[in-house]
Amino acid sequence: MWCFDVTQPNADGEYAVYYHHQDEPRARYLEGGAWEDPGDAEPDFVSFAAWLTTMTAAFTAAAPPSWMDELGSPALVWQARQGVLRQTAN
């Protein structure tokens, strides 16, 4: 469900992380590298560290973030495109 974009590491060599679901895939076209859905161009997490920090906080929180209810479902892809995961990553 978590996809590391190994095609474009940042200046520190970190890979961006995206939430991915088989029923609502997030993909790029091989030729040109454009995103199939332009809403996917911005990653959910800029690095593994940002992803791990967010997941640790979510799983240990007294009151988990609202998006945890959708973890494992295609609906979280739609929410991720709107930035719900990026909002919790900082």
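Definitions and limits used
Residues numbered from 1 in each chain as written. Predicted model: local features only at pLDDT ≥ 70, side-chain atom pairs only at ≥ 80, totals over all residues. Heavy atoms only, no water. Helix = DSSP H or I, 4+ residues; strand = E, 2+ residues; numbered from the N terminus. Rg over C-alpha atoms; globule rule 2.2 N^0.38 Å. Buried < 20%, exposed > 50% of the residue type's maximum accessible area, 1.4 Å probe, protein only. Contact = heavy atoms within 4.5 Å. Core = buried A, V, L, I, M, F, W, Y, C linked by side-chain atoms within 4.5 Å. Phe/Tyr/Trp six-rings, centres within 6.5 Å; stacked < 30°, edge-to-face > 60°. Patch = residues over 30% accessible without salt bridge, like charges linked within 9 Å, V, L, I, M, F, W, Y side chains within 5 Å. Areas by Shrake-Rupley, 256 points an atom, 1.4 Å probe, with all protein chains shown as cover. Salt bridge = Lys/Arg side-chain N within 4 Å of Asp/Glu carboxyl O.

## As for the overall build of the protein
Item 1. Counting secondary structure elements, the protein contains 3 helices and 2 strands.
Item 2. Written out in order from the N terminus, the α and β elements of the protein read β-β-α-α-α.
Item 3. For a compact globule of 90 residues, the expected C-alpha radius of gyration is about 12 Å, and the protein comes in at 13 Å, within 12% of that figure.
Item 4. If you line up the protein on its principal axes, its C-alpha atoms span 45 × 30 × 20 Å.
Item 5. Looking at the 90 residues of the protein, the share that counts as buried comes to 36%.
Item 6. Excluding contacts between residues fewer than 6 apart, the proportion of contacts in the protein whose partners are at least 24 apart in sequence is 50%.

## Looking at the nonpolar core
Item 1. Counting residues in hydrophobic clusters, the biggest one holds 15 residues, and the most contacted among them are Trp2, Phe45, Trp67 and Leu85.
Item 2. Of all the secondary structure elements, the ones that give two or more residues to this core are strand E2 (16-19), helix H1 (48-60), helix H2 (75-81) and helix H3 (84-88).
Item 3. At 4 residues, H1 tops the list of elements feeding residues into this core.
Item 4. Residues within four places of Trp67 in sequence aside, it is in contact with Thr54, Met55, Ala58, Leu76, Gln79, Val84, Leu85 and Thr88.

## Examining the packing of aromatic side chains
Item 1. As enumerated under the stated definition, the model contains 7 aromatic pairs in all.
Item 2. Clustering of aromatic rings is evident, with ring pairs tying together Trp2, Phe4, Tyr19, Phe45, Phe48 and Trp51.

## Considerations on the environment of Gly33
Item 1. Looking at the element boundaries, Gly33 is found in the loop between E2 and H1.
Item 2. Owing to a relative accessible area of 29%, Gly33 belongs among the partly exposed residues under this scheme.
Item 3. Considering only alpha carbons, one finds Gly33 and Thr7, 26 residues apart in sequence, at a separation of 9.3 Å.

## Digging into a nonpolar patch on the surface
Item 1. Where nonpolar side chains cluster on the molecular surface, the patch consists of Phe4, Val6, Tyr15, Phe48 and Leu52 and spans about 430 Å² of accessible area.
Item 2. Positionally, Val6 belongs in the loop between strand E1 (2-5) and E2.

## Notes on the side chain of Ser47
Item 1. Along the chain, the position of Ser47 falls in the loop between E2 and H1.
Item 2. Excluding residues that lie within four positions of it along the chain, Ser47 makes contacts with Glu14, Tyr15 and Val17.

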